[in-house]
Amino acid sequence: MRPVFEETRPLASVDDMRRQIRQKSKLKGRQADDSAIEQVQALIGKGPYRRDLLIEYLHALNDTYLGIKNVHMVAVAKLMRLPMAEVYEVASFYHHFDILRDGDTPSAITIRVCGGLSCNLKGAQDLLHKLPAMLGQTDARVVHVPCVGRCEQAPVAVVYQNPIVFATTDAVLQAVASQALEHPLANSPSDASFEPGDLAQQSVVTDNTTAGVSPDYVGFDAYCAGGGYALAASLEHASVASVEACIKAMEDSGLRGLGGAGFPAGRKWRIVRDQPAPKLMAVNIDEGEPGTFKDRTYLERDPHRFLEGMLVAAKVVGVSACYIYLRDEYHGARALLDIELAKLKANPPCALPLIELRRGAGAYICGEESAMIESIEGKRGEPRMRPPYIAEVGLFGRPTLEHNFETLYWVRDIVQRGSQWFSSFGLNGRTGLRSFSVSGRVKNPGVKLAPAGITVRQLINDYCGGMEEGHALYAYLPGGASGGILPERLADLPLDFDTLQAHGCFIGSAAVIVLGDQDRARDAASNMMAFFEHESCGQCTPCRVGTAKAATLMTAKVWDNNTLNDLNQVMVDASICGLGQAAPNPVRCVQQYFSQEVA
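The shown structure was predicted, so the numbers you read here are calculated from the model rather than taken from an experiment.

The rules behind the values
- Residues numbered from 1 in each chain as written.
- Predicted model: local features only at pLDDT ≥ 70, side-chain atom pairs only at ≥ 80, totals over all residues.
- Heavy atoms only, no water.
- Pairing = 2+ DSSP bridges.
- Helix = DSSP H or I, 4+ residues; strand = E, 2+ residues; numbered from the N terminus.
- Axes fitted to C-alpha atoms, helices over the stretch in contact; angles between N-to-C directions.
- Polar contact = N/O pair within 3.5 Å; in protein donor to acceptor, adjacent residues only side chain to side chain.
- Contact = heavy atoms within 4.5 Å.
- Buried < 20%, exposed > 50% of the residue type's maximum accessible area, 1.4 Å probe, protein only.
- Phe/Tyr/Trp six-rings, centres within 6.5 Å; stacked < 30°, edge-to-face > 60°.
- Parallel < 35°, antiparallel > 145°, perpendicular 65-115°, else oblique.
- Left-handed = near helix turned anticlockwise from the far one by under 90°.
- Nonpolar A, V, L, I, M, F, W, Y, C, P; charged D, E, K, R; others polar.
- Salt bridge = Lys/Arg side-chain N within 4 Å of Asp/Glu carboxyl O.

Student: Looking at this structure, I do not really get the sheet that holds strand β10 (residues 354-359). What am I missing?
Tutor: Whenever strands of a sheet pair, they do so through backbone hydrogen bonds, lying parallel or antiparallel. Spatially, the 4 strands line up as an open sheet ordered β10-β9-β8-β11, and their pairing is parallel. Looking at strand neighbours, the two that pair on one side only are β10 and β11 (400-404), the edges of this open sheet. Between one strand axis and the next, the sheet turns through 20° on average, direction left out of account. Both strand β8 (residues 279-285) and strand β9 (residues 319-326) contribute to a ladder of 7 bridges, which runs parallel. In the sheet register, leucine 280 faces β9, and the bridge partner there is alanine 321.

This is the structure in structure tokens:
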């Protein structure tokens, strides 16, 4: 039989198939708008674009447009050849980036009222409640924010980038009305002088009320005239013996990392020096621990002493590039550093490594060294798992020397005055100097350069003029939010590394917040847990969920201690970084020392 063929019929016409091909060839998702690309390029240039500068690019957009529009994020993604999701996940991670949806109109002025414990003790909540109504129809918004690092000038409200210290509603309204939105630029008189070593066992700033927000500082010329950069220049072609002498001075001084971890500085130099080149340095000036403001206090007055310490460390260790990470709240310090770094680079006293100043974007977690490194690389500030440690595999995958600002600040004095100068200070069997950031219920808050091992009772009476009128010492936080809370009966413990752990606390960055007998420790603990909940990076479940659950449980009049104990243990055991591991400290201290408040 002959086969029977059915009639062949086309599934689609030629025109239909061409139309389908054209439709498939079109890109899916949001497409970059030409005008948006032009706007972005006007701010960040026409390339080439560096992946590690993504956060800087986002800052440029946020400052210009008072937020980051979707169309601009799409344009950034296209220009940098990144997935849109990657740009968005970085922008949404940091608190200071306001993401604007299509059609959103940003407020003309943002007023940030500090909700840190020290500011709350001085009436910040009253400001927060009154200001919205008093602003009326003004195109301004009021937001509650974590500690802004001016605890000695509490309460503080920041009108866009202008900090209003000892803030009142009238002062804030006046700043809004006069459009005083920028941090006032500081002056650097030719005869300026600041010798921190001469302030040992004294208050670094004696009058907070007149110091304002932009004190005079020692600029490049004045610093050089006073012998500045002589030490760094002497190491230009230094012998092995001279380099070894610097490391030995650091080791013999007993100087430990003053950001909170307390790792011996000289030992860190030696470890990184032995690593293969190229080696990098990351400097931590994020200073986000509530109650801490020592780094800002020194930086605002004497920036080049820190920069020289950084150069000395770079030359001794063999560092080829230095990255300075400064918290975003310090707008005045950033402007100052921009000016003084330009002067240093224009007239270098010695060969300089690459030096870049990076701007944080509002993330406490970036005070953790590996999270800071992720942020410098232009990513979400999420802590890394260790090992490897950053001394071996750090910034951009290279061996990295990481230091806190204040650690480097003392390098010149220790090397030039001799290690014995630093180690000769100390009380109660401890050695060295500590810069205590003291705030709360004391007459004269501020940075106190006191011997390590001093007690909080001595600190209050001898350095702070005693307690504030009408208040008696009730409790104190020896190390900011994560350092725990101790009662008055333990006010004679030596304050230093390794002296408070037996009591469930640690000194950390030496941020001492003093509570009076009209305050409650449970309120302080709740304030701190709310802070940890807000600042958790969310990467690990124990911290992300634990801080939120604990903050809710702590609002009850009577605490559910069994559940809180379970949460505390899981956070300590399973969190991958210090934030989650230290978050339970204030809770445990209230349970141990102030149980009457939560029973």
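Student: Before we go on, may I ask you to explain the side chain of histidine 304 in this structure?
Tutor: Among the structural elements, histidine 304 can be located in helix α15 (residues 303-317). In this structure the side chain of histidine 304 is engaged in a polar contact, spanning 2.7 Å, whose partner is the side chain of tyrosine 229. A distance of 2.7 Å separates the side chain of histidine 304 from the side chain of glutamate 340, its partner in a polar contact. With sequence-adjacent residues up to four places away left out, histidine 304 is seen in contact with Val218, Gly219, Phe220, Tyr223, Tyr229 and Glu340.

Student: Would you mind going over the pairing of β11 with me for this structure?
Tutor: Of all 5 residues making up β11, 5 are buried, and the element is well covered by its neighbours. Across the two faces of β11 the burial is the same, with Thr400, Glu402 and Asn404 and Leu401 and His403 all buried. The sheet contact formed by β8 and β11 spans 5 bridges and is parallel. Looking at the pairing, leucine 280 lines up with threonine 400 of β11.

Student: Please explain the packing of aromatic side chains as it appears in this structure.
Tutor: This model, assessed by the stated rule, comprises 18 aromatic pairs. With a centroid separation of 4.8 Å and an interplanar angle of 40°, the aromatic rings of phenylalanine 306 and phenylalanine 405 are classed as tilted. Separated by 99 residues along the polypeptide, phenylalanine 306 in helix α15 and phenylalanine 405 in helix α18 (residues 405-409) bring together distant segments of the chain. Each member of the pair, phenylalanine 306 as well as phenylalanine 405, is classed as buried. Taken together, Tyr298, Phe306, Phe405, Tyr409, Trp410, Trp421, Phe422 and Phe425 form an aromatic cluster joined through their ring pairs.

Student: Even after reading the chapter, I still don't get the environment of methionine 250, so can you show me in this structure?
Tutor: With respect to the helices, strands and loops of the structure, methionine 250 is situated in helix α12 (residues 240-253). In the structure, methionine 250 is positioned 158 residues away from leucine 408 in sequence and 11 Å away in space, judged by C-alpha atoms. Apart from the residues lying within four places of it in its own chain, the contact partners of methionine 250 are Leu255, Ala265, Gly266, Trp269, Val411 and Ile414.

Student: What is the right way to read the packing of α15 against helix α16 (residues 331-346) from this model?
Tutor: Axis angle and axis distance: for two packed helices, these are the angle between their axes and the distance between the axes, and together they describe the pair. At a closest axis distance of 11 Å, the pairing of α15 and α16 adopts a crossing angle of 55°. It follows from the interaxial angle that α15 and α16 lie oblique. Between α15 and α16 the crossing geometry is right-handed. Where α15 abuts α16, its residues Pro303, His304 and Leu307 lie against Leu336, Leu337, Glu340, Leu341 and Leu344. Among the residues forming the contact of α15 with α16, the class breakdown is 6 nonpolar, 1 polar and 1 charged.

Student: Could you clarify how one ought to interpret the pattern of salt bridges in this entry?
Tutor: Any two side chains of opposite charge can pair, given that their charged atoms come close. Counting across every chain of the model gives 45 salt bridges. With a shortest N-O distance of 2.9 Å, arginine 150 and glutamate 300 are connected by a salt bridge. Separated by 150 residues along the polypeptide, arginine 150 in the loop between β4 (140-145) and β5 (157-159) and glutamate 300 in the loop between α14 (294-299) and α15 bring together distant segments of the chain. Given a relative accessible area of 6%, arginine 150 falls into the buried group. According to the relative accessible area criterion, glutamate 300 is buried, its value standing at 5%. We note a salt bridge from aspartate 496 to arginine 434, for which the minimum N-O separation is 3.8 Å. Of this pair, aspartate 496 sits in the loop between β15 (486-487) and β16 (511-516) while arginine 434 sits in strand β12 (residues 433-440), and the two are 62 residues apart along the sequence. For the pair formed by aspartate 496 and arginine 434, the shared burial category is buried. Bridged by salt links that share partners, the residues Glu195, Asp198, Asp302, Arg305, Asp413 and Arg417 form one connected network.

Student: Just to check I follow, could you spell out the side chain of serine 203 for this structure?
Tutor: Summarising the element assignment, serine 203 is placed in strand β7 (residues 202-203). The buried category is assigned to serine 203, whose relative accessible area is 17%. At a separation of 3.0 Å, a polar atom in the side chain of serine 203 contacts the side chain of lysine 448. Within the structure, the side chain of serine 203 is placed 3.4 Å from the backbone oxygen of tyrosine 463, a separation counted as a polar contact. Aside from chain neighbours lying at most four places away, what touches serine 203 is Val447, Lys448 and Tyr463.

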